[in-house]
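# Summary of structural features
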Amino acid sequence: MVGQQPDHPVSHVRRPADDAGLAALRRVVGGSADGFGARTWGLAPLLTRAEDLPRGFDDLLSARAVDELVSERGLRTPFLRVAKQGSTLPERSFTAGGGVGAAVGDQVSDDRLTRLFADGATMVLQGLHRTWPPLVTFAQSLAADLGHPVQVNAYVTPPQSRGFDDHYDVHDVFVLQVEGEKRWRIHRPVHPWPMRDQPWTSRRADVEAEAAREPLLDVVLRPGDCLYLPRGYLHAATALGGVSTHLTVGVHPWTRHALADQLVRTALADLADDEDVRASLPFGVAVDDPSATADDLELVRERLLRAVEAVDAARVAAPLAAQVRSNQRAAPVGPLAQLRAARQVEDGGATDALVLREHLAASLVARDDGGALLRSRAGDLPLAADDVDAVRSLLDRGGDAGTAALDADLARRLVLAGVLVPR
């Protein structure tokens, strides 16, 4: 069946990898985007002042936007959490029912939130890369520039309030100061490049000891400033003066450990074809006795090493493609607009009014019958053999050219599948 075909992409849509295409990255590191990957990425903090950046960040999120999100958008947990003195408050302290016609018990209560904020609590708006349009666009572009998944949270802190205690994150961050001032104290890692299952709480004593030492950086961020921190660097922040709002852009890096995990998974799958490995251990074996399984373990070790060496890079990359697609979403699409566009094409409208949807992570998976599966963040779309060349050309050219030559029926199907969108 089509859905069971291995994912061997023959065509991809990606943003340019050269420095000239790094518009979103330049937005946060300015001229340092040239060589950022070689000199800074994952290696050291980078402070970039507002005067060295193209523009500020209030177009991405403003005080008015924060008020709108928490009071007019029916925001629910977990898209908001509230913290005070380094501890997260229970959800019931800032949520309430939505009233008649919206019987949802965990909607944010603007009244309760106002009281908590006035009493020194910090608002943490989570998942803004999914709920606030300017940040949806920015996060998608930055993820494409970096090649790593991105999320966005906002921290809105009342005057003179300290946020969370010294800690490290298991992902890289760009801190974008939007409003007010915040003092940041940065310390060296106690565990460089921590994995997602290696949180700072598992090294609490080491973190506390390092936090007591002289900081590596002690800086005040003002509106328009950006601070990049690789994962593992300890940090703590305190608002100064008035209300402070900053965006934390979290970057979840792909690691060599992820490659190792997939390599071993693939090799283990291959070992299922080895009869010696599938064989039962001896009757009455004590698997908790190392001496009882030493010979069997040595056989498994030898076969596993051989299987690992036989796995090529393409077989590791193929299953990771599914994770790449699931880690981010394609550009937003409007169901009503899509239906209108499909009907216009069906009624003889020009297909050159369509473009390829951004951030699709699209690829073609060949089938034995000459057709293909168009696999993307919009889902899977089977293609007949006659459609493959046209779609391959569309993907290779980036979609902004060549749509006029598409067959109307194919264009309509691509629109309804969320692959093409109105220009």
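Residues numbered from 1 in each chain as written. Predicted model: local features only at pLDDT ≥ 70, side-chain atom pairs only at ≥ 80, totals over all residues. Heavy atoms only, no water.

So, about the overall build of the protein. Broken down by element type, the protein carries 14 helices and 16 strands. Seen through its C-alpha atoms, the protein measures out along the principal axes to roughly 75 × 65 × 50 Å. Every one of the 423 residues in the protein was classed for burial, and the buried ones make up 42%. Sequence separation of 24 or more characterises 77% of the internal contacts of the protein that already satisfy a separation of 6 or more. (Helix = DSSP H or I, 4+ residues; strand = E, 2+ residues; numbered from the N terminus. Buried < 20%, exposed > 50% of the residue type's maximum accessible area, 1.4 Å probe, protein only. Contact = heavy atoms within 4.5 Å.)

Below, the discussion takes up the packing of aromatic side chains. Aromatic rings in a pair are described by how distant their centres are and how their planes are angled relative to each other. The full count for this structure, using the stated rule, is four aromatic pairs. Note on phenylalanine 36 and tyrosine 228: the rings are 5.2 Å apart at their centroids and 70° apart in plane angle, and the pair reads as edge-to-face. Separated by 192 residues along the polypeptide, phenylalanine 36 in helix 2 (residues 36-39) and tyrosine 228 in strand 10 (residues 226-229) bring together distant segments of the chain. The pair formed by phenylalanine 36 and tyrosine 228 is uniform in burial state, with each residue classed as buried. (Phe/Tyr/Trp six-rings, centres within 6.5 Å; stacked < 30°, edge-to-face > 60°.)

As a further point, take the packing of helix 13 (residues 385-396) against helix 14 (residues 408-416). Two elements in contact, helix 13 and helix 14, have axes whose closest approach is 11 Å; the angle formed by their N-to-C orientations is 55°. Between helix 13 and helix 14, the interaxial angle falls into the category oblique. Considering how the two elements wind past one another, helix 13 and helix 14 form a crossing that is right-handed. Every residue of helix 14 that contacts helix 13 at Asp387, Ala390, Val391 and Leu394 is listed here: Leu410, Arg413 and Leu414. (Axes fitted to C-alpha atoms, helices over the stretch in contact; angles between N-to-C directions. Parallel < 35°, antiparallel > 145°, perpendicular 65-115°, else oblique. Left-handed = near helix turned anticlockwise from the far one by under 90°.)

Turning to the nonpolar core, a few remarks are in order. In this structure, Leu25, Leu61, Leu128, Phe174, Leu176 and Leu247 are the most contacted members of the largest nonpolar core, which totals 47 residues. Element by element, the count of residues in this core is highest for helix 6 (residues 133-146), at six residues. Once you skip the residues sitting within four places of it in the chain, leucine 61 turns out to touch Val66, Leu69, Leu128, Trp132, Leu135, Ala154, Val178, Thr245 and Leu247. (Core = buried A, V, L, I, M, F, W, Y, C linked by side-chain atoms within 4.5 Å.)

Here we take up the pairing of strand 11 (residues 234-251). When a strand is regular, its side chains alternate between the sheet's two faces. The buried fraction of strand 11 amounts to 14 of the 18 residues, a majority that puts the element mostly inside the structure. Relative to strand 11, strand 8 (residues 172-187) runs antiparallel, the two being bridged by 14 bridges. The residue bridging isoleucine 186 from the neighbouring strand is histidine 235, located in strand 11. (Pairing = 2+ DSSP bridges.)

This part is about helix 6. For helix 6, built from 14 residues, the straight-helix expectation of 20 Å at 1.5 Å per residue is met to within 8% by its first-to-last C-alpha distance of 20 Å. Regarding helix 6, the residues found buried are Leu135, Val136, Phe138, Ala139, Gln140, Ser141, Leu142, Ala143, Asp145 and Leu146. Check the buried side of helix 6 and you find it contacts helix 1 (23-29), helix 5 (128-131), strand 7 (150-157), strand 8 and strand 11. Note on helix 6: the residue one or two positions beyond its end, glycine 147, has a positive phi of about 80°. (Expected span 1.5 Å × (residues − 1).)

This part is about the packing of helix 8 (residues 256-271) against helix 11 (residues 313-327). One way to put it is that helix 8 packs onto helix 11 with a least axis distance of 9 Å and a crossing angle of 115°. Classified by chirality, the crossing of helix 11 by helix 8 is right-handed. Of the residues in helix 11, those in contact with Leu259, Gln262, Leu263, Thr266 and Asp270 of helix 8 are Arg315, Val316, Pro319, Leu320 and Gln323. Looking at the contact of helix 8 with helix 11, its residues break down into five nonpolar, three polar and two charged. (Nonpolar A, V, L, I, M, F, W, Y, C, P; charged D, E, K, R; others polar.)

Threonine 77 connects to proline 78 through a cis peptide bond whose omega is 10°. When you line up the elements, proline 78 lands in the loop between helix 3 (63-72) and strand 2 (80-84). Even without glycine at this site, tryptophan 193 takes up a positive phi of about 50°. Within the fold, tryptophan 193 resides in the loop between strand 8 and helix 7 (204-211). Look at histidine 359: it is not a glycine, yet its phi comes out positive at around 60°. Here histidine 359 shows up in the loop between strand 12 (354-356) and strand 13 (363-366).

The next subject is the sheet that holds strand 13. The strand order 13-14-15 describes an open sheet built from three strands, whose pairing is antiparallel. Two strands bound the open sheet, and with one partner strand each, they are strand 13 and strand 15 (379-383). Each strand of the sheet is rotated relative to its neighbour by a mean of 25°, with strand direction disregarded. Pairing of strand 13 with strand 14 (residues 372-376) involves four bridges; the strand directions are antiparallel. Looking across to strand 14, one finds that valine 365 is bridged to leucine 373. In this fold helix 13 packs onto strand 13, strand 14 and strand 15, with an angle of close to 150° to the strand it touches most, strand 13.

Before going further, it helps to examine the environment of proline 332. With respect to the helices and strands, proline 332 occurs in the loop between helix 11 and helix 12 (335-346). A residue is classified by how much of its surface remains accessible, and proline 332, at 62% relative accessible area, is exposed. Taking C-alpha positions, proline 332 is 10.0 Å from valine 421, a pair spaced 89 residues apart along the chain. Each residue touching proline 332, except ones within four places of it in the same chain, is listed here: Val136, Gln140 and Arg357.

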